[in-house]
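Summary of structural features
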Amino acid sequence: MALPQQRLPDEEPLPLKERVADLIPALRAFARSFTLDPSDGDDLVQETLMRALRSLDSFHPGTSLKSWLFTIMRNTYYTQYRKRMREGPGAKECVSAQPAMPANQEWSAAEREVQVALGRLGEDQRQILVLVAALGFSYEEAAGVMGCAIGTVKSRLSRAREALARELGGNPLTP
């Protein structure tokens, strides 16, 4: 993993395309909140990047590039979702796509348990957990991506944390 280069104050900031490329790991992580299949997530990231690069002239300097990209991803996902619902069933549930033998390491089992629990949450809850808890977005940034008020972000996050704790077999923490 390449470390970001530190720039001197008199140097120009990174060009916009390079800043977009630097956000690819965060985009991949956010894509996992939409789809639990890594290849589907990679496809979503690729489509998001294609749309973003075609629309770079509509980005307003001084605003959050990360929020702009995440909003594009969210809109792209919803567009693709509506299209899939119209097209009907596919080979998604095909047995041949499942691994022949699951990993036996304890950490793999725990990761899978969390993924399954996240998959059982509602989409809004899953997305807000990924944005705030996993990617470190502020409430304001998450509100911008989700298209809702900060108070809504806080309440969704609280409910999502409680639901995830229940799904994992624990009792949600009470204040």
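Residues numbered from 1 in each chain as written. Predicted model: local features only at pLDDT ≥ 70, side-chain atom pairs only at ≥ 80, totals over all residues. Heavy atoms only, no water.

1. Some thoughts on the overall build of the protein chain
- If you tally the helices and strands in the protein chain, you get eight helices and zero strands.
- Element order for the protein chain, N to C, with α for helix and β for strand: α-α-α-α-α-α-α-α.
- Buried residues in the protein chain amount to 30% of all 175 residues.
- Within the protein chain, contacts between residues at least 6 apart in sequence are counted, and of these 64% link residues at least 24 apart.
- For the protein chain, the exposed surface amounts to about 11700 Å²; the carbon and sulfur share of it is 55%. (Helix = DSSP H or I, 4+ residues; strand = E, 2+ residues; numbered from the N terminus. Buried < 20%, exposed > 50% of the residue type's maximum accessible area, 1.4 Å probe, protein only. Contact = heavy atoms within 4.5 Å. Areas by Shrake-Rupley, 256 points an atom, 1.4 Å probe, with all protein chains shown as cover.)

2. Details of the nonpolar core
- One finds Phe30, Trp68, Leu69, Phe70, Met73, Ile128 and Leu131 to be the most contacted residues of the largest nonpolar core, which totals 39 residues.
- Secondary structure elements with two or more residues in this core: helix H2 (24–34), helix H3 (38–54), helix H4 (65–87), helix H5 (106–120), helix H6 (123–134), helix H7 (139–146) and helix H8 (150–167).
- Of all the elements, H4 adds the most residues to this core, at seven residues. (Core = buried A, V, L, I, M, F, W, Y, C linked by side-chain atoms within 4.5 Å.)

3. Overview of the pattern of salt bridges
- Taken as a whole and judged by the stated rule, the model has five salt bridges.
- A salt bridge links Asp124 to Arg74; its shortest N-O distance comes to 3.7 Å. Of this pair, Asp124 sits in helix H6 while Arg74 sits in helix H4, placing them 50 residues apart in sequence.
- Close ionic contact of Arg120 with Glu167 constitutes a salt bridge, the shortest N to O distance being 2.4 Å. (Salt bridge = Lys/Arg side-chain N within 4 Å of Asp/Glu carboxyl O.)

4. A word on H8
- Between its first and last C-alpha, H8 extends 25 Å over 18 residues, near the 26 Å set by a 1.5 Å rise per residue.
- Val153, Arg156, Leu157, Ala160, Ala163 and Leu164 are the residues of H8 that are buried. Seen along its axis, H8 keeps its buried residues to an arc of 135 degrees; they face one direction.
- The positive-phi residue at the C-terminal boundary of H8 is Gly169, with phi of around 90 degrees. (Expected span 1.5 Å × (residues − 1). Arc of directions from axis to C-beta.)

5. Observations regarding the environment of Gly169
- For Gly169, the location among the structural elements is in the segment after H8.
- Remark: the alpha-carbon pair of Gly169 and Ala117, spanning 52 residues in sequence, is separated by 9.6 Å.

6. What to know about the packing of aromatic side chains
- Counted under the stated rule, the structure contains seven aromatic pairs.
- Between the aromatic rings of Phe34 and Tyr77, the centroid separation amounts to 4.6 Å while the plane-to-plane angle is 35 degrees, which identifies the pairing as tilted. Residue Phe34 is found in helix H2, and its partner Tyr77 is found in helix H4; the two are separated by 43 residues along the sequence.
- Residue classification places Phe34 among the buried positions, given a relative accessible area of 5%.
- Residue Tyr77 is classed as buried on the basis of its relative accessible area of 8%. (Phe/Tyr/Trp six-rings, centres within 6.5 Å; stacked < 30°, edge-to-face > 60°.)

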